[in-house]
Amino acid sequence: MNSAADFTSQDSATRISVGEAITPESLGASSDPAPEETARYALLLGDDCLILAQRLGHWISRAPELEEDIALGNIALDLLGHARFLLTYAGSAWGKSEDDLAYFRSEEEFRSCRLVEQDNGDFAQTIARQLLFSFYTYELYQRLVDSADTTLAAVADKALKEVDYHQDHAAQWLFRLGGGTEESARRMQAGLEAVWPYLEELFADVEPTAALAQQGIAVLPSSLREPVLHRLRTTIEEAGLRVPEAKGALGADRSGRFSEHRGFILAEMQVLARQHPGATW
Amino acid sequence: MSNEKPDLRAVDTTHGSITEQAQAAADDARVGWEHFQQLMEEDKRVEPRDWMPEQYRKTLVRQVSQHAHSEIIGMQPEGNWISRAPSLKRKSVLMAKVQDEAGHGLYLYSAAETLGTSRDEMYQQLYTGKAKYSSIFNYPARTWADVGAIGWLVDGAAITNQVPLCRASYGPYGRAMVRVCKEESFHQRQGWEILYTLSHGTPAQKQMAQDAVDRTYGPALQMFGPPDADSPNSQQSMAWNIKRFSNDELRQRFVDMIVPQAEALGLTLPDPELKWNEERGHYDYSDLDWDEFFSVVKGNGPLNHQRLAHYRAARDNGAWVREAAAAYAAKQADSSRDSALLSA
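Please read all numbers here as calculations on a predicted model, not as lab measurements.

The rules behind these values
- Residues numbered from 1 in each chain as written.
- Chains lettered and ligands numbered in written order.
- Predicted model: local features only at pLDDT ≥ 70, side-chain atom pairs only at ≥ 80, totals over all residues.
- Heavy atoms only, no water.
- Helix = DSSP H or I, 4+ residues; strand = E, 2+ residues; numbered from the N terminus.
- Contact = heavy atoms within 4.5 Å.
- Areas by Shrake-Rupley, 256 points an atom, 1.4 Å probe, with all protein chains shown as cover.
- Salt bridge = Lys/Arg side-chain N within 4 Å of Asp/Glu carboxyl O.
- Buried < 20%, exposed > 50% of the residue type's maximum accessible area, 1.4 Å probe, protein only.
- Axes fitted to C-alpha atoms, helices over the stretch in contact; angles between N-to-C directions.
- Parallel < 35°, antiparallel > 145°, perpendicular 65-115°, else oblique.
- Left-handed = near helix turned anticlockwise from the far one by under 90°.
- Nonpolar A, V, L, I, M, F, W, Y, C, P; charged D, E, K, R; others polar.
- pLDDT = per-residue confidence, 0-100.

## Focus on the overall build of chain B
Counting secondary structure elements, chain B contains eleven helices and two strands. For chain B, the succession of helices and strands along the chain, N to C, is α-α-α-α-α-α-α-α-α-β-β-α-α. When its C-alpha atoms are laid out on the principal axes, chain B stretches across 80 × 60 × 40 Å. A fraction of 75% describes how many contacts in chain B between residues 6 or more apart in sequence connect residues 24 or more apart. Only carbon and sulfur atoms are counted for the fraction: they give 53% of the accessible area of chain B, which is about 16600 Å².

See below:
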């Protein structure tokens, strides 16, 4: 890559340093490969972030205002960053790269929850999805920082600061739309109703999460239900909206067997990489 | 024009007669004009509160808002690849890049607002198709290599154009350009690096890179605008220290820059006439297809309709959100006024 490096020294405005790949060192985490079960847990957490980043990225150039193109893009970038940490760590267990895992796993191998797979819908539905997911991840990472696994703890520590902004962004829009016009309140309520059935899946004690929670590595999903629901209820009521009554949709096991969205999301995300297997980009 | 006599009672005469006031206004304008001329002669900056000729203001609003619109429409061709970027690193870099473009749009709209045109007014001009934006964005980003070609050639041409604009006489514009140029140089480097990776990858990847360069080269050279002889506004912009070099000078500078870069990439530029001219100390290149250029400017490019429809859909679909945000802000302002009254 000598010629690439030379390019920066030419007389142009292009004087920049080469970008750095994410390394465990940059997180201050262990560079040991992840144990098998921990890797499966990291994959589950990473898939949520990756799929939501994929969904949110669609808003860039389509948002209601220029500032929101930037804000939603920022959140998508943060989530993609979290996904990259988590997938890289997960892949260390099996000698796989983040891209192997993102681009060359099939639908049945993903572990994303259905909440993040839901359509963007209108802006209100996207905000509703953001509200649920960011409140959940905030509570999750707040506990995961104490994980016995130092890498997961370090990722959670980094992500927590960013997710704090994400939940603020979602809550501020919830207030604006809930207290804005009649139409915005109606749409915000409809957005909440649309995503609410997929909230429950976040609290399902699937494996290997439950077993890892016993060892102090993972956070037991069901332990998050009360704190997340409590904060969601309070915030939604403060916005002058109703807390949806819908029960959790059946099939809350992250298997993908009960999702029609996942296949389309992956088809689009993976298409180019799969046309050129083994290629470097 | 009404034939009625003006109602003189409405005229403020506390500061002298109408004639005296007119004289004072003329004196102010003369002082402003002299100050402006002096700034031009000394190559200094004009700031928003300085007097400026109306035509100078109009030229700047047109140029700065067109630049802002180009950033906004320019989000679309690359945005098209965010969902399909072939690696997570590329996806992340591309997302950051398109987001930067939204940021550039913001700086530039803000700079134009200091000239007295609101962002909404500029949005409206883009929405109705009255405002122009860079024609290059009316071409499709069909393959992943287009993301590289846009970065290398389109952002490269933009930087060549914009680096001298950092010294533009209008302060807010020049300062916005400093920031824009810093980020654009990342973009150009990223584009070049995408193409470098492709041209050193599989044969299919290399072909993809060559194809994108073949399609982007001509339109990128046209980004500098028509040849000097057909660019009537350039002279005035140069006299006002907005533009520092002519279209053809900048185009030549760009060609001279990209020829060795293309060699380093291992890709060819689609012009058989391209060769070093020892005498001129520059590369010679073929005439460009200006009929095509003007046809795209007039709205007949491959994607003019699609780009505008995408923009309009985003504005239309977001209208209820903006209304809600405004209504909420108004309610908040009312309630804080009420509580201020209660506590008074």
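The rest of the description comes next.
## A word on the pattern of salt bridges
This structure, assessed with the given rule, holds 35 salt bridges over all chains. Across the pair A:Arg40 and A:Glu37 runs a salt bridge, and its minimum N-O distance is 3.0 Å. You can see A:Arg40 and its partner A:Glu37 sitting in helix α3 (residues 36–57), three residues apart, about one turn around the helix. You can call A:Glu37 partly exposed: its relative accessible area is 35%. The partner of B:Arg215 in a salt bridge is B:Asp146, with the nearest N and O atoms 3.0 Å apart. On the criterion of sequence distance, the pair formed by B:Arg215 in helix α7 (residues 203–221) and B:Asp146 in helix α5 (residues 144–162) is long-range, its members being 69 residues apart. Assessed through its relative accessible area of 2%, B:Asp146 is described here as buried.

## Brief notes about the packing of helix α4 (residues 66–91) of chain A against helix α3 (residues 88–113) of chain B
Their axes nearest at 9 Å, the elements α4(A) and α3(B) cross at an angle of 160°. The angle between the axes of α4(A) and α3(B) places the two elements in the roughly antiparallel class. Judged by the twist between their axes, the crossing of α4(A) over α3(B) is left-handed. Taking contact as the criterion, the partners of A:Leu66, A:Glu67, A:Asp69, A:Ile70, A:Gly73, A:Asn74, A:Ala76, A:Leu77, A:Leu80, A:Arg84 and A:Leu87 in α4(A) are, on α3(B), B:Leu88, B:Lys89, B:Lys91, B:Ser92, B:Met95, B:Ala96, B:Gln99, B:Ala102, B:Gly103, B:Gly105, B:Leu106 and B:Tyr109. Considering only residue class, the contact of α4(A) with α3(B) consists of twelve nonpolar, six polar and five charged.

## Description of the confidence of the model for chain B
Per-residue confidence for chain B averages 92 on the pLDDT scale, and 95% of its residues sit at or above 70. Across the predicted assembly, pTM comes out at 0.91 and ipTM at 0.91.

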